[in-house]
Amino acid sequence: MSEKVITRFAPSPTGYLHIGGARTALFNWLYARAKGGKVLLRIEDTDQARSTKGAILAILDGLRWLDLEWDGEPLYQMTRAERHREVAEQLLAEGKAYSCYASPEELAAMRERARAEGRAPGYDGTWRDRDHREAPPGIAPTIRFKAPREGETVIKDRVQGRVVFANKDLDDLVILRSDGTPTYNLSVVVDDHDMDITHVIRGDDHLTNAARQTQIFKALGWQTPIYAHVPLIHGPDGAKLSKRHGALGVEAYRAMGYLPAALRNYLVRLGWSHGDAEIMSTDEMIQWFDLDAIGRSAARFDFAKLENLNGHYLRVTPDIEIVQRLKALVPELPDGVALGERIDADGWQKLERAMPGLKERAKTLVELLDSASFLFAKRPLTMDEQAAKLLDAAGREMLAALLPRLEDVSPWTLEALEASVRSFADETGRKLGKAAQPLRAALTGRSASPGIFEVLEVLGRDESLARIRDQAHAGNSA
RNA sequence: GCCCCCUUCGUCUAAUGGUUAGGACGUCAGGUUUUCAACCUGAAAACAGGAGUUCAAUUCUCCUAGGGGGUACCA
């Protein structure tokens, strides 16, 4: 085995890349990068009935979006089925495995009986020592691993510590299905060995599997990798993650307008910490990450904190990058296609110019886009409830009075506009807010927006004046 | 049922055999302000319960409770 650290992320392609999987991938990636090693990607598709092409694509896509590039080509475990079968045959030949002719019905009955009698529902070992000549005809057997019945199996885990399983509690598991395909526990052992995996970092739902795999490693005379079983992520209510709260594919987070950097930063702090560090760059994560600082208790998923982090990353991301991300995001949104058509080249330019004021205020890209909608709105604007309130008689009167002042502003720059409006407010004995709020309503249709002078400037002279006239005049005719 | 794991503010977590148990998010109250955010200041907020070890336990041990995972010809 090489000295170099080799980790692997090994998702099964039976669904999207969920948030727990994403964190596992991140931990594997970080550890490999921290130690100057490699992360391999292995698609565990030995269950052909449940694996789908779409899931594989979603997983690869999710990892790329999170910017967790793996080393080398992804390995599809099924392509190694022949090798797995060889190892199973070897075990069989060495008397460390045996053929089992029990039918699914018999197994179900066996479990039923065990439950009724209050025993562990595992396989009872019927065919372990039974003569093969008693095998029922026409039945393709499974191959079962002959697990040790006495003693204990100990796993030394970098997160969980020393965990001891009594061998009597671990039954003889199927390593080769009756159709000759390998099952998970065999494939994992063979591939982890053949791929020189040094560290297995995965969810602690695999803790029992670690014991079974250790037994197989031993039977094969191979050295086990170093294990690190990370606690799972729960939903906000402490229960298992469900679709309603967080057990979404990473693409769902992308569609909700989260930034990969924010999601990574959020996930790395779920179960791992480095003193009081909260916001950290990827380089810092790599520098600081280690297995020993991973906690042993499950964490709950908290959208509020993710949002806070996302807001932070939005504020520090360059404007042009945000525009690019929005361009990529828009088609994924509900009504996104229509929205995309409404935003022309000029619209995207306006968006970029308005970005400093917009990104300051948004928690997600979706929210940002929504607050930018005034940029693309067609006159006459529809007013939301708050905006309508601001445009009462006094508000409209103010606009009518302010209008000629603005018409005289030249050049149409933020500084000149601010000077003009401020002097207007001064001279007419108004607080700035009394002028700014109706103006904001007229220009954006809302009561909250980026700074009003930025809005005027980005909208441009003609559009701004037209929007103000719409409201000033509407007041007269009403 | 059986096996395994876990338990510090609402949430993520830090630290320690002797501390005012720290930080962050969220909440609340102020400040700033053209709105909303952001930002600044402050506040409330935790060692699951019970035994034991010890001069001393949040920290070590055990038990209980609660939560989670596993118990497939799934991974």
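Quick note: structure is the one above.
Per chain, residues are indexed from 1 in the order of the written sequence. The order in which chains are written sets their letters, starting at A; the order in which ligands are written sets their numbers, starting at 1. For a predicted model such as this one, the threshold for reporting local features is a pLDDT of at least 70, and the threshold for listing and counting side-chain atom pairs is 80 or more; totals across whole chains, interfaces and linings nevertheless cover every residue. The side-chain values count all of the structure's non-hydrogen atoms but skip hydrogen atoms and water molecules.

Visitor: Could you give me a rundown of the packing of aromatic side chains, with the residues and numbers involved?
Guide: To pair, rings of Phe, Tyr and Trp, with the six-membered ring standing in for Trp, must have centres within 6.5 Å; the planes then decide the type, stacked if under 30 degrees apart, edge-to-face if over 60, and tilted in the middle. Summed over all chains, the structure comprises eight aromatic pairs. Seen in terms of ring centroids, Tyr 253 and Phe 301 are 5.8 Å apart; in terms of plane orientation they differ by 55°. Their pairing is tilted. In this pair, Tyr 253 sits in helix α7 (residues 250–255) while Phe 301 sits in the loop between β12 (299–300) and α10 (303–316), placing the two residues 48 residues apart along the sequence. Each member of the pair Tyr 253 and Phe 301 is classed as buried. Ring centres of Tyr 253 and Phe 303 lie 6.1 Å apart, and the angle between their planes is 15°; this geometry places the pair in the stacked category. Secondary structure elements follow DSSP: runs of H or I no shorter than four residues count as helices, runs of E no shorter than two count as strands, and numbering proceeds from the N terminus. Throughout, exposure labels follow a simple rule: accessible area from a 1.4 Å probe, protein chains only, divided by the maximum for the residue type, with under 20% read as buried, over 50% as exposed, and the rest as partly exposed.

Visitor: Mind laying out the nonpolar core, listing which residues take part and the relevant values?
Guide: In these notes, a set of buried Ala, Val, Leu, Ile, Met, Phe, Trp, Tyr and Cys residues joined through side-chain atoms within 4.5 Å is what counts as a nonpolar core. Counting residues in hydrophobic clusters, the biggest one holds 100 residues, and the most contacted among them are Leu 375 and Leu 439. Per element, the largest residue contribution to this core is nine residues, and it comes from helix α1 (residues 19–34). Should any heavy atoms of two residues lie within 4.5 Å, those residues are counted as being in contact. With residues up to four places along the chain from it excluded, the contact list for Leu 439 reads Met 398, Leu 399, Leu 402, Leu 406, Val 421, Ile 452, Leu 456 and Ile 468. Formed by 31 residues, the second largest nonpolar core is a distinct cluster that contains Val 163, Met 195, Ile 197 and Val 200.

Visitor: Explain the protein's contact with RNA strand B residue by residue, including any values.
Guide: The nearness test applies per residue and asks whether one of its heavy atoms lies within 4 Å of the molecule or strand. Close to RNA strand B lie 65 residues; Thr 46, Arg 177, Gly 271, Arg 361 and Arg 440 are nearest. Backbone atoms, meaning sugar and phosphate, form 71% of the atoms of RNA strand B found within 4 Å of the protein. One of the side-chain N or O atoms of Ser 12 is found 3.1 Å from a sugar or linking oxygen in RNA strand B. Whenever two N or O atoms come within 3.5 Å, that pair is a polar contact, provided that in protein one can donate a hydrogen and the other can accept it, and provided that, for residues adjacent in sequence, both atoms are side-chain atoms. Lys 305 has a polar backbone atom sitting 3.4 Å from a sugar or linking oxygen of RNA strand B.

Visitor: Tell me what's going on with the pairing of strand β5 (residues 142–145), and back it up with residues and numbers.
Guide: Along β5, one buried face is formed by Thr 142 and Arg 144 and the opposite face, lined by Ile 143 and Phe 145, is buried too. Pairing between two strands requires that DSSP report at least two bridges joining them. The pairing of β5 with strand β8 (residues 174–176) spans two bridges and is classified as antiparallel. Considered in β8, the bridge of Arg 144 is made with Val 174.

Visitor: I'd like a rundown of the sheet that holds β5, residues and numbers included.
Guide: Here we have three strands laid out as an open sheet, ordered β4-β5-β8, and antiparallel in their pairing. Every other strand in the sheet has two partners, leaving β4 (97–100) and β8 as the edge strands with one partner each. Strand after strand, the sheet turns through a mean of 45° between neighbouring axes, direction not considered. Only the stretch in contact is used when fitting a helix axis, every axis being a line fitted to C-alpha atoms; angles between N-to-C directions are given from 0 to 180 degrees.

Visitor: Which residues make up the pairing of strand β10 (residues 226–230), and what values go with them?
Guide: Side chains on a regular strand alternate between the two faces of the sheet. With respect to burial, β10 is a largely interior element, four of its five residues being buried. Where strand β9 (residues 199–203) meets β10, five bridges bridge the pair, whose relative direction is parallel. Within the sheet, the bridge partner assigned to His 199 lies in β10 and is Ile 226. The handedness rule is simple: strands pointing away from the viewer, and a clockwise path from the first strand over the helix to the second, make the crossover right-handed. On the question of chirality, the crossover connecting β9 to the parallel β10 by way of helix α6 (residues 207–220) is right-handed.

Visitor: Describe the packing of helix α18 (residues 414–427) against helix α19 (residues 432–444), and please don't skip the residues or the numbers.
Guide: Closest axis-to-axis distance for the α18/α19 pair is 8 Å, and the angle between their directions is 125°. Put simply, α18 runs oblique to α19. Note that α18 runs across α19; the crossing there is right-handed. Counted together, Val 421, Arg 422, Phe 424 and Ala 425 of α18 and Leu 432, Ala 435 and Leu 439 of α19 form the full contact between these two elements. All residues other than Ala, Val, Leu, Ile, Met, Phe, Trp, Tyr, Cys, Pro, Asp, Glu, Lys and Arg, Gly among them, are scored as polar; the first ten of these are nonpolar and the last four charged. Partitioning the contact of α18 with α19 into residue classes produces six nonpolar, no polar and one charged. By the definition adopted for this analysis, an angle is roughly parallel if under 35 degrees, roughly antiparallel if over 145, roughly perpendicular if from 65 to 115, and oblique otherwise. Crossings are classed by handedness, with left-handed meaning an anticlockwise turn of the near helix from the far one by less than a right angle and right-handed meaning a clockwise turn.

Visitor: Describe the environment of Tyr 16, naming the residues involved and giving the relevant values.
Guide: By the element assignment, Tyr 16 lies in the loop between β1 (6–9) and α1. Given the relative accessible area of 31%, Tyr 16 is considered partly exposed. Distance from Tyr 16 to Leu 57, taken between C-alpha atoms, is 8.7 Å for residues 41 residues apart in sequence.

Visitor: Could you give an account of the environment of Gly 95, with specific residues and numbers?
Guide: With respect to the element layout, Gly 95 can be found in the loop between α3 (81–93) and β4. The exposure class assigned to Gly 95 is partly exposed, which follows from its relative accessible area of 34%. Sequence separation of Gly 95 and Phe 145 is 50 residues, and the distance between their C-alpha atoms is 9.4 Å.

Visitor: Summarise empty space enclosed by the protein; cite the residues concerned and give the values.
Guide: Any residue with an atom within 4 Å of a point lines the site, the site being either a cavity, points on a 1 Å grid over the protein atoms alone where a 1.4 Å probe fits but cannot get out, or a pocket, an open set with protein on both sides within 12 Å along at least 5 of 7 lines. Grid points are joined across faces, edges and corners, and a volume is the space filled by probe spheres set on the points. All chains considered together, the criterion is met by one cavity of 30 Å³ or more. Lining the largest cavity, in full, are Phe 9, Ala 25, Trp 29, Val 39, Leu 40, Leu 41, Leu 63, Leu 68, Glu 69 and Trp 70. Among the secondary structure elements, those contributing two or more residues to the lining of the largest cavity are α1 and β2 (38–43). Each residue belonging to the lining of the largest cavity can be placed in one class, and the counts come to nine nonpolar, no polar and one charged.

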